[in-house]
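The residues making up each chain are set out below.
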Amino acid sequence: WGGGRCVIDYSGVSTEKDEKSPRIVAYPAEGQTNVQRAFDNENPDPLPGGDEEAGIAISLTFFDEPEVRDAAVEVTEKSGVSVDGYLSSQEKPARSDFPNEHSIVFIPSNPLDANVKYHVKVTATVNGEAYTKEWDFTSGQKMAEGRNW
């Protein structure tokens, strides 16, 4: 496979909407491997300090526009070491001029270590009910697309 574009249809085939089960997509995906380690210079930069050496964004995106409150994200290496970073959510965007309407995003303060398994735990109140999502992914060798430093 030489690259290209991938289009994902999140709309599904049903015309009925299940209000108790909002459509939620995690990135990196559960079990994903070879995840790039660094943030790739988005413009405008969603980080408060404009850090260029930040890790790849870890996110949960809610496609049914629920009310998401009290978001918290814990990212740990397989060894149990916590990863420091920036949290951005509906009620508390990392930058006040860069709103985050339908996602909970955690951007590590530094690039992730190479070839390490990470565990993510997200907690929040979604539409008034407690919500928890946990998953694992593994970083790769590459820092960011087009860069290998």
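Residues numbered from 1 in each chain as written. Predicted model: local features only at pLDDT ≥ 70, side-chain atom pairs only at ≥ 80, totals over all residues. Heavy atoms only, no water.

Asker: Where do I start with the layout of surface pockets in this structure?
Answerer: When its volume is computed, the largest pocket comes out at roughly 500 Å³. Lining the largest pocket we find 25 residues, and of these F39, E42, A57, S59 and V105 sit closest to its centre. (1 Å grid on protein atoms, 1.4 Å probe; cavity = no way out; pocket = protein on both sides within 12 Å on 5 of 7 lines; lining within 4 Å. Points joined across faces, edges and corners; volume = space filled by probe spheres on them.)

Asker: Please explain the pattern of salt bridges as it appears in this structure.
Answerer: Between side chains of opposite charge, a pair can form when the charged atoms approach closely. Applying the stated criterion to the full structure yields one salt bridge. Between E67 and R69 there is a salt bridge, and its shortest N-O distance comes to 3.2 Å. The partly exposed category is assigned to E67, whose relative accessible area is 42%. (Salt bridge = Lys/Arg side-chain N within 4 Å of Asp/Glu carboxyl O. Buried < 20%, exposed > 50% of the residue type's maximum accessible area, 1.4 Å probe, protein only.)

Asker: Before we go on, may I ask you to explain the environment of E91 in this structure?
Answerer: Within the element layout of this structure, E91 appears in the loop between β4 (85-88) and β5 (103-108). Assessed through its relative accessible area of 33%, E91 is described here as partly exposed. In this structure the C-alpha to C-alpha distance between E91 and D70, which are 21 residues apart in sequence, comes to 7.9 Å. Those residues within four positions of E91 in sequence are excluded, and the remaining contacts are R69, D70 and A71. (Helix = DSSP H or I, 4+ residues; strand = E, 2+ residues; numbered from the N terminus. Contact = heavy atoms within 4.5 Å.)

Asker: Explanation requested: the environment of E134 in the structure shown.
Answerer: For E134, the location among the structural elements is in strand β7 (residues 129-138). Note on E134: relative accessible area 42%, which makes it partly exposed. Taking C-alpha positions, E134 is 7.3 Å from H119, a pair spaced 15 residues apart along the chain.

Asker: So what exactly am I meant to see when it comes to the confidence of the model for the protein here?
Answerer: If pLDDT is low for a region, its predicted coordinates should not be looked at in detail. With 77% of its residues at a pLDDT of at least 70, the protein reaches an overall mean of 81. Low confidence marks residues 1-14, where pLDDT is under 50. Its contacts with residues over four positions away, or in another chain, come to four contacts. (pLDDT = per-residue confidence, 0-100.)

Asker: What am I meant to see in the environment of K121 here?
Answerer: Tracing the chain through its elements places K121 in strand β6 (residues 117-126). According to the relative accessible area criterion, K121 is partly exposed, its value standing at 29%. Counting along the chain gives 46 residues from K121 to V75, while the straight-line C-alpha distance between them is 6.5 Å. Setting aside residues up to four positions removed in sequence, K121 forms contacts with A72, V73, E74, T132, K133 and E134.

Asker: Looking at this structure, I do not really get the packing of aromatic side chains. What am I missing?
Answerer: Working definition: an aromatic ring pair is given by the centre-to-centre distance plus the angle between the planes. Tallying each qualifying case throughout the model produces two aromatic pairs. Between Y118 and F137, the ring centres sit 5.6 Å apart and the planes meet at 20 degrees, which makes this aromatic pair stacked. Separated by 19 residues along the polypeptide, Y118 in strand β6 and F137 in strand β7 bring together distant segments of the chain. Exposure class is identical for Y118 and F137. Each is buried. (Phe/Tyr/Trp six-rings, centres within 6.5 Å; stacked < 30°, edge-to-face > 60°.)

Asker: Would you explain the sheet that holds strand β1 (residues 24-27) in this entry?
Answerer: As a general point, the strands of a sheet are linked pairwise by backbone hydrogen bonds and lie either parallel or antiparallel. The four strands lie next to each other as β1-β2-β5-β4, forming an open sheet whose pairing is antiparallel. Taken across any chain shown, the strands that pair with only one partner, and hence form the sheet edges, are β1 and β4. Shown here is a sheet whose adjacent strand axes are inclined to one another by a mean of 10 degrees, direction ignored. The pairing of β1 with strand β2 (residues 58-62) spans four bridges and is classified as antiparallel. Bridge pairing in β2 links Y27 to S59. (Pairing = 2+ DSSP bridges. Axes fitted to C-alpha atoms, helices over the stretch in contact; angles between N-to-C directions.)

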